[in-house]
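Report on the structure
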Amino acid sequence: MEKLVYRHNRITRTTHWVNALALVILVMSGFQIFNAHPHLYWGSTSEPDQAFLSIAAANDGGEVRGFFRIYGWQLDTTGVLGVQNTEMGPAPRAFPSWLTIPGYFWLAGGRRWHFFFAWIFALNGVLYLIYNIANGHLRKFLLTPKDTARVPAMVLYYFRIRKKSPQEGEYNPLQKMAYTSVFLFLTPLIMLSGMAMSPQLDAAFHWLPAMFGGRQSARSIHFILTFLFVGFTFGHVFMVLATGILNNMRSIVTGWYKETGSDVPEPAWLQDSKEEMIQKPSGVPLSHQLLVPELEEIPPAQETHQNHTDAPQPDNGISKSPPNDVQISPESSKQTSPTHNNEVKKDIVE
Amino acid sequence: MNRSRRNLLLGAVQGAGLLMLSGCEKAFNSLQQNKKFLSLLESAEGANQRLQRLLTGKNKLAQEFTEQDISRYFKPNGNPPPITMEYIADAKNNWQAWRLEIAGLVKQPAQFSLSELRSMPSRTQITRHDCVEGWSAIAKWKGVPLTEIMQRVQPGSEAKYVVFHCMDTDDSGAHYYESIDFRDANHPQTILAYEMNDRAVPVEHGAPLRLRIETQLGYKHAKYIRRIEFVASYEKIAAGKGGYWEDQGYEWYAGI
């Protein structure tokens, strides 16, 4: 049983792609900037012998070898990091040209790209934030103490050790943890550590470099946080691939996501809250829109199992307070899906 | 799926990936050469300048450090020291023949010897130098505040920028120069430094006189200063972007 639901509205989709583009450019132009001095330090200054991380080139008996070194542990990375093999022969270059913007060594150009897209990233983020605070969506994926307690259960569920998902609401505890840490931790810190490298801002706000332990520490943290962002993005893309690339891509490009009826149905309150999200699709021709609400009401869940791993919790802030761990029998699940068509688009005005 | 088909598929995916990457690289590089797009990218500079100056207010002092914080190593960056006969002779002669010329839109054009500059009120500061490349080094600088010079020469009301003409040149013979505006020129930590770490500024760090402008990146800190010119616009100087590195694409506003 399948139906299309309108999952992502225009603002969500636009900010998502602007953000994706800005992040890619920020990372690649950031590598260009890093290449100008491919060493990292802790503290205010950069004594050459105090670098804790270097991606550089060394002359090894007449041969130029690239290396990655962290706290004295060294790896030969010739061809990828430190030294790139070009048509002109080996070229010393921390990150290879295909990972940098511009694709040749030009620090000034890298800075121009970086600072322009830093503005795009920030303004786009502000737009997203304002919109999602205004429509109340933000609290749906902010991690609450209750969610934190459910993270281990969610991990067990992912590894198929636990059968039932501890998910409540639209996002599961691990998703909430990922999004919340990106919003409340990663994004502010990467912006602040970037600003802490500005001598003008440092002059007015001495606490700015100090909160990271000095300007060079801020630079190092800026670099490390970049890889947390990259890691998050890889995780995000992996989940997109693992949960159906075509359907996911359709939903983030057009807004429409195909939901497939599964053996384990979603609890009634989750259905309700999803339908709240369904908005009047502006781009869908009238002929494709169903004027009559098609979904049948789901009978209230009868069977509730008190799960022993989760303590009973009070209202978690979601407007419809759900019963804990609702299980609906397969019989009742059949009623939840409309039997007479495959595509149900609800025409609910926001 | 048999092995050859899988290999074919893998190869296709790899090829597509490489094509995409090199396509991206080409696209980025051609965008980079597009004048309109470049000026769009460059619009961030004005935004940064306005926002940062709005946020920071005037005359906020950059952090000053202690003697213990002074870096053991301070990279002498940029052009090699000047090798003109005049510079070498002046250096040998302890800069007795060297003069700092002040010219342009000023009511009292002047020339100052190093000893005259040393006799003016001075400022000593232990500050962090931030290079555009990413490194930082702390040193102690002593010099005459630029405001002291400005009081003596009295810039005219049309003057908007202070241009520092330097003695060092690059491989092609182009002279180094830099420009700052009056907001930064009036900053208390903007000094013409003649001492570094309690000694005369060494040749590799810009002897006999270099600029310290602590709210800006290193390339603004002109070394080997010979002449200071007050101008209404820097568009007619060299390539017209207000500085040696600015002419090569770096931002005039180097506060970030």
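Not measured: the values here are computed from a predicted model. (Residues numbered from 1 in each chain as written. Chains lettered and ligands numbered in written order. Predicted model: local features only at pLDDT ≥ 70, side-chain atom pairs only at ≥ 80, totals over all residues.)

**Concerning the overall build of chain B**
- Within chain B one finds six helices and ten strands.
- Put simply, 69% of the contacts in chain B that link residues at least 6 apart link residues at least 24 apart. (Helix = DSSP H or I, 4+ residues; strand = E, 2+ residues; numbered from the N terminus. Contact = placed C-beta atoms within 7 Å.)

**Comments concerning the overall build of chain A**
- Scanning chain A from N- to C-terminus turns up eleven helices and eight strands.
- Among the 350 residues that make up chain A, the fraction classed as buried is 29%.
- Summarising the internal contacts of chain A: among those between residues at least 6 apart in sequence, 64% fall at separations of at least 24. (Buried ≥ 20, exposed ≤ 12 C-beta atoms within 10 Å, placed from the backbone.)

**A look at the sheet that holds strand β5 (residues 161-169) of chain B**
Residue and element names in this part refer to chain B.
- Spatial ordering of the open sheet is given by β2-β1-β10-β5-β6, a layout of five strands whose pairing is mixed. Of all strands in the sheet, those bounded by a partner on one side alone are β2 (110-113) and β6 (175-181). Strand-to-strand twist in this sheet, taken as the mean axis angle between neighbours without regard to direction, amounts to 20 degrees.
- With four bridges joining them, strand β1 (residues 99-104) and β2 adopt antiparallel strand pairing. Following the sheet pairing, L100 is matched in β2 by F112. (Pairing = 2+ DSSP bridges. Axes fitted to C-alpha atoms, helices over the stretch in contact; angles between N-to-C directions.)

**With respect to the pairing of strand β4 (residues 136-145) of chain B**
Residue and element names in this part refer to chain B.
- Buried residues dominate β4, accounting for ten of its ten residues.
- Across eight bridges, the pairing between strand β3 (residues 123-130) and β4 is antiparallel. Its bridge partner lying in β4, R123 is registered against G143.
- Taking the residues between adjacent antiparallel strands as the criterion, β3 and β4 are bridged by five residues, where G134 takes a positive phi near 125 degrees.

**A closer look at the environment of V18 of chain A**
Residues and elements named next belong to chain A.
- Note on placement: V18 falls in helix α1 (residues 10-35).
- The partly exposed category is assigned to V18, around which 18 C-beta atoms lie within 10 Å.
- If near-sequence neighbours (up to four positions away) are discounted, V18 is found in contact with I120 and N124.

**So, the nonpolar core**
- With 78 residues, the main nonpolar core has F164, C166, L192 and I225 of chain B as its most contacted residues.
- Here F164 of chain B is in contact with Y177, E178, L211, A222, I225 and I228 of chain B, once residues within four sequence places are set aside. (Core = buried A, V, L, I, M, F, W, Y, C linked by C-beta atoms within 7 Å.)

**Re the packing of helix α5 (residues 173-195) of chain A against helix α8 (residues 215-242) of chain A**
All names here are of chain A.
- With their axes 9 Å apart at the nearest point, α5 and α8 run at an angle of 150 degrees to one another. By the criterion of interaxial angle, the relationship of α5 to α8 is roughly antiparallel. As for how α5 packs across α8, the hand of that crossing is left-handed. Counted together, A178, V182, L186, L189, I190, S193 and G194 of α5 and A218, I221, H222, L225, L228, F229 and F232 of α8 form the full contact between these two elements.
- The class makeup of the residues in the contact of α5 with α8 is eleven nonpolar, three polar and no charged. (Parallel < 35°, antiparallel > 145°, perpendicular 65-115°, else oblique. Left-handed = near helix turned anticlockwise from the far one by under 90°. Nonpolar A, V, L, I, M, F, W, Y, C, P; charged D, E, K, R; others polar.)

**Some details on the sheet that holds strand β4 (residues 63-70) of chain A**
Residues and elements named next belong to chain A.
- A sheet is described by the order of its strands in space; here four strands give the open sequence β2-β3-β4-β5, paired in antiparallel fashion. The open sheet has two free edges, formed respectively by β2 (39-40) and β5 (73-76), since each of these has just one partner strand.
- Relative to strand β3 (residues 53-60), β2 runs antiparallel, the two sharing two bridges. Residue L40 lies in a different strand from β3, and its bridge partner there is L53.

**Here's the deal with the pairing of strand β6 (residues 82-86) of chain A**
Residue and element names in this part refer to chain A.
- Of the pairings in the sheet, the one linking β6 to strand β7 (residues 89-93) comprises five bridges and is antiparallel in character. Looking across to β7, one finds that T86 is bridged to G89.
- Linking two consecutive strands that pair antiparallel, namely β6 and β7, is a turn of two residues.

**Observations regarding the interface of chain B and chain A**
- Taken together, the 40 residues of chain B in the interface contact 31 residues of chain A.
- Taken together, the elements giving at least two residues each to the side of chain B that touches chain A come down to α1 (3-33), α2 (35-56), β3 and β4 of chain B.
- The biggest single contributor to the side of chain B that touches chain A is α2 of chain B, with eight residues.
- Broken down by class, the residue content of the side of chain B that touches chain A amounts to 16 nonpolar, 15 polar and nine charged.

**Quick word on unusual backbone geometry**
- With an omega of -10 degrees, the peptide bond running from I101 of chain A to P102 of chain A counts as cis.
- Relative to the assigned elements, P102 of chain A resides in the loop between β7 and α2 (107-134).
- For the peptide bond that leads from A207 of chain B to P208 of chain B, omega is 0 degrees, which places it in the cis range.
- Along the polypeptide, P208 of chain B turns up in the loop between β8 (199-200) and β9 (210-212).
- Even without glycine at this site, A238 of chain B takes up a positive phi of about 45 degrees.
- Inspection of the secondary structure assignment puts A238 of chain B in the segment after β10 (225-231).

**Comments concerning the packing of α2 of chain A against α2 of chain B**
- Where α2 of chain A meets α2 of chain B, the axes come as close as 8 Å, and the angle between the chain directions of the two elements is 65 degrees. When the axis of α2 of chain A is compared with that of α2 of chain B, the two are roughly perpendicular. The crossing of α2 of chain A and α2 of chain B is left-handed. Residue-level inspection shows R112, W113, F115, F116 and W119 of chain A of α2 of chain A in contact with α2 of chain B, the latter providing L41, E42, A44, A47 and N48 of chain B.

**A short note on the environment of P199 of chain A**
- The topology assignment puts P199 of chain A in helix α6 (residues 199-204).
- Sequence-wise, P199 of chain A and Y128 of chain A are 71 residues apart; in three dimensions their C-alpha atoms are separated by 30 Å.
- Ignoring any residue separated from it by four or fewer positions in sequence, one finds P199 of chain A in contact with A62, D130, E214, T215, Q216, L217 and G255 of chain B.

**Structural notes on α2 of chain B**
- Taking 1.5 Å as the rise per residue, α2 of chain B with 22 residues should run 32 Å; its terminal C-alpha atoms sit 32 Å apart, in good agreement.
- Every buried residue of α2 of chain B is listed here: L41, A44, E45, N48 and Q52 of chain B.
- On its buried side, α2 of chain B packs onto α2 and α6 of chain A. (Expected span 1.5 Å × (residues − 1).)

**Side note on the confidence of the model for chain B**
- Of the residues in chain B, 90% reach a pLDDT of 70 or more, and the chain-wide mean stands at 92.
- Predicted as a complex, the structure gets a pTM of 0.81 and an ipTM equal to 0.90. (pLDDT = per-residue confidence, 0-100.)

**Concerning the confidence of the model for chain A**
All names here are of chain A.
- Residues at a pLDDT of 70 or more form 74% of chain A, whose mean pLDDT is 81.
- Predicted confidence is poor over residues 279-283, with pLDDT under 50, and the contacts of this stretch with residues over four places away or in other chains come to eleven contacts.
- Low pLDDT, under 50, characterises residues 301-350; the predicted model gives this stretch 86 contacts beyond four residues in sequence or across chains.

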